[in-house]
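# Remarks on the overall topology
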Amino acid sequence: MKKLLVALCALALMVLPLFAQGGAETAVDDSKPITIEFWTHEDAARQALEEKYIAEYTAQHPNVTINVTRQSAEKLRELIQTAFAAGQGPTFFNLPIENEYQYIEAGRVAPADYKTLGFDNAKDLISSYADGMIDAVVYDGDVYGLPLETTNWSIFLNKKVFRDAGLDPETDYPKTWEEMVEVSKKIVLRDGDIITRRGFDFRYSYELTYFVPMVEQLGGSLDAEKGCVNEEAWVKALQFMKEWGPSGNNLGNPTLTAARKLFNKDNNDIAMANTGLYQEARILSDNPDFYNSGEWMVVPYPVFEDAVNDVAGCFYGHFYMVNADASKEEQKVAWDIIKYFLLTEGHAEEYLTNVGLIQPTNALMNSETYKNMPYSDVFSGDFARSHIVYYEKGASAIQSAINTAIKSVMLQGVEPKDAYNTLQTAVMEILED
């Protein structure tokens, strides 16, 4: 009996380390084939990195097949919504948090598998990230996603276009929205009424990220119970958009090619675009000569001259989430893949330097790698005066309603006050549904 106890103790000592954080308890079962469906948005630089990671992972786990579906960000939102409605969602996916949160609330995504990810519990996982950066995916004490990226937008500026318009990019860049109008008037070129060169234009269809902060600068807000708070602020912001569009100063238009897509081409079509740190990697990939030319810079997010709040564009997150309807084995493998993508040593630095994506772990945010990224100080400054995008009840539908309101004043001649009234009615219906 004594020998048996000694043998059992010896066995326990051998097994115990395997159940420590990151040990065999976290390992996936490699004994049977398993197929994982992974859906994500298009990004050439990130795709190259993820294809490398997928090849490495499947080499280590030859029983695992990872099918990847890549779509534009807008199309992906629609596909995932349709797929989940039909009970055929992907095994894991990523979307902006304002589009994802509804899946947490509805119980459609699974809480994190802490042991597979290498953590003891939710608190342990949360403490490894910068304060507040993953609060949006914490629900009833559990964590429901890991950040592929946490992103804010500042203003990218093409120095050559500024100089071509007789402006000094170092001193004449706009600090206020009113200055943005005046600078854009000097830069814009038209063929009749058709704009051929813009000074700047907005990220239409991402109104929660760029437009709601403009409203907040004027003293308004978006509230999960009261809707569009402070009519005066909303009407003034909508009036600004009306004057920006074709029936006003004709400086921009939701129907034109997205400014951030033109910016990389460096072909005199756009002077400024609001976009994230990831744009740097895309410039390097699309147009290395422009990237290395020193002919671009990043400047802070503007405010209105009479702003009552100094608010920059909202930051948002794309979070990897796992389908709660997937089998337990599929869920475990999905979290293991996410762990390999995001938490393997050196991968966060590769996402940052190769793709420009910030995974806000304490380690990365305090690293020299982050501090050495071009204009990271500008993004850090705008982070400090921003907050996470509205992601609560009805976020996706509310964003669509705001987009409709903006297009109505810009393209259909609707008066801003009338657009506000229609918007507030629509938002309250969404919130009360």
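Residues numbered from 1 in each chain as written. Predicted model: local features only at pLDDT ≥ 70, side-chain atom pairs only at ≥ 80, totals over all residues. Heavy atoms only, no water.

Our next topic: the overall build of the protein chain. Looking only at helices and strands, the protein chain has 21 helices and 14 strands in total. What you see for the protein chain is a C-alpha radius of gyration of 24 Å, in line with the 22 Å of a compact globule of 433 residues. Overall, the C-alpha framework of the protein chain stretches about 95 × 50 × 35 Å when taken along its three principal axes. Across the 433 residues of the protein chain, 53% fall into the buried class. Sequence-distant contacts, at least 24 apart, represent 75% of the contacts inside the protein chain between residues at least 6 apart. A total accessible area of about 18,400 Å² is found for the protein chain, and carbon and sulfur atoms account for 50% of it. Distance from the positive charge centre (36 side chains) to the negative charge centre (64 side chains) of the protein chain: 2 Å. (Helix = DSSP H or I, 4+ residues; strand = E, 2+ residues; numbered from the N terminus. Rg over C-alpha atoms; globule rule 2.2 N^0.38 Å. Buried < 20%, exposed > 50% of the residue type's maximum accessible area, 1.4 Å probe, protein only. Contact = heavy atoms within 4.5 Å. Areas by Shrake-Rupley, 256 points an atom, 1.4 Å probe, with all protein chains shown as cover. Lys, Arg positive; Asp, Glu negative; His and termini not counted. Charge placed at Lys NZ, Arg CZ, Asp CG, Glu CD.)

Turning next to the sheet that holds strand 7 (residues 154-158). Strand order across the open sheet formed by three strands is 12-7-13, with antiparallel pairing between neighbours. In this open sheet, the two edge strands, each paired with only one partner strand, are strand 12 (272-275) and strand 13 (296-299). Between one strand axis and the next, the sheet turns through 30 degrees on average, direction left out of account. Where strand 7 meets strand 12, four bridges bridge the pair, whose relative direction is antiparallel. Across the sheet, Phe156 pairs through a bridge with Ala273, a residue of strand 12. (Pairing = 2+ DSSP bridges. Axes fitted to C-alpha atoms, helices over the stretch in contact; angles between N-to-C directions.)

Let's shift gears to the packing of aromatic side chains. Taken as a whole, this structure holds 41 aromatic pairs when the rule is applied. Arranged with centres 4.9 Å apart and planes meeting at 40 degrees, the rings of Phe84 and Tyr103 form a pair that is tilted. Separated by 19 residues along the polypeptide, Phe84 in helix 3 (residues 73-85) and Tyr103 in helix 4 (residues 97-105) bring together distant segments of the chain. Residue Phe84 is classed as buried on the basis of its relative accessible area of 2%. (Phe/Tyr/Trp six-rings, centres within 6.5 Å; stacked < 30°, edge-to-face > 60°.)

On to the sheet that holds strand 2 (residues 64-71), then. Pairing is mixed across the open sheet formed by five strands, whose spatial order is 2-1-3-14-6. Each edge of the sheet is formed by a strand with only one pairing partner; in this case those strands are strand 2 and strand 6 (146-151). For this sheet the average axis-to-axis angle between neighbouring strands, irrespective of direction, equals 15 degrees. Relative to strand 2, strand 1 (residues 34-41) runs parallel, the two sharing eight bridges. Considered in strand 2, the bridge of Ile34 is made with Val64.

With that settled, the discussion passes to the nonpolar core. Counting 116 residues, the largest nonpolar core has Phe211 and Met241 as its most contacted members. Not counting residues within four places of it along the chain, the set of residues in contact with Met241 comprises Phe202, Tyr204, Tyr210, Phe211, Met214, Ile406, Val409 and Met410. Core analysis: the second largest hydrophobic core is formed by 23 residues, Met133, Phe263, Ala348 and Phe379 among them. (Core = buried A, V, L, I, M, F, W, Y, C linked by side-chain atoms within 4.5 Å.)

This part is about the side chain of Asn253. Topologically, Asn253 is positioned in the loop between helix 11 (231-244) and helix 12 (259-263). In terms of polar contacts, Asn253 uses its side chain to reach the side chain of Thr255, at 2.9 Å. Apart from the residues within four sequence positions on either side, Asn253 is in contact with Asp201, Tyr204, Pro246, Met410 and Leu411. (Polar contact = N/O pair within 3.5 Å; in protein donor to acceptor, adjacent residues only side chain to side chain.)

This next bit is on the pattern of salt bridges. By the definition in use, this model includes 19 salt bridges. Glu231 is the partner of Lys417 in a salt bridge, and the nearest nitrogen-oxygen pair spans 2.4 Å. Residue Lys417 is found in helix 21 (residues 416-432), and its partner Glu231 is found in helix 11; the two are separated by 186 residues along the sequence. Overall, the relative accessible area of 45% leaves Lys417 in the partly exposed class. Taken together, the shared-partner salt bridges connect Arg46, Glu50 and Arg70 into one network. (Salt bridge = Lys/Arg side-chain N within 4 Å of Asp/Glu carboxyl O.)

Turning to the pairing of strand 3 (residues 92-96), a few remarks are in order. Of all five residues that make up strand 3, five are buried, and the element is covered over most of its length. Examined bridge by bridge, strand 3 and strand 14 (residues 316-322) share five bridges and lie antiparallel to one another. Considered in strand 14, the bridge of Phe93 is made with Met321.

Helix 10 (residues 207-217) sits mainly inside the fold: eleven of its eleven residues count as buried. Burial in helix 10 covers these residues: Glu207, Leu208, Thr209, Tyr210, Phe211, Val212, Pro213, Met214, Val215, Glu216 and Gln217. Remark: Gly219 follows helix 10 within two positions and exhibits a positive phi of approximately 100 degrees.

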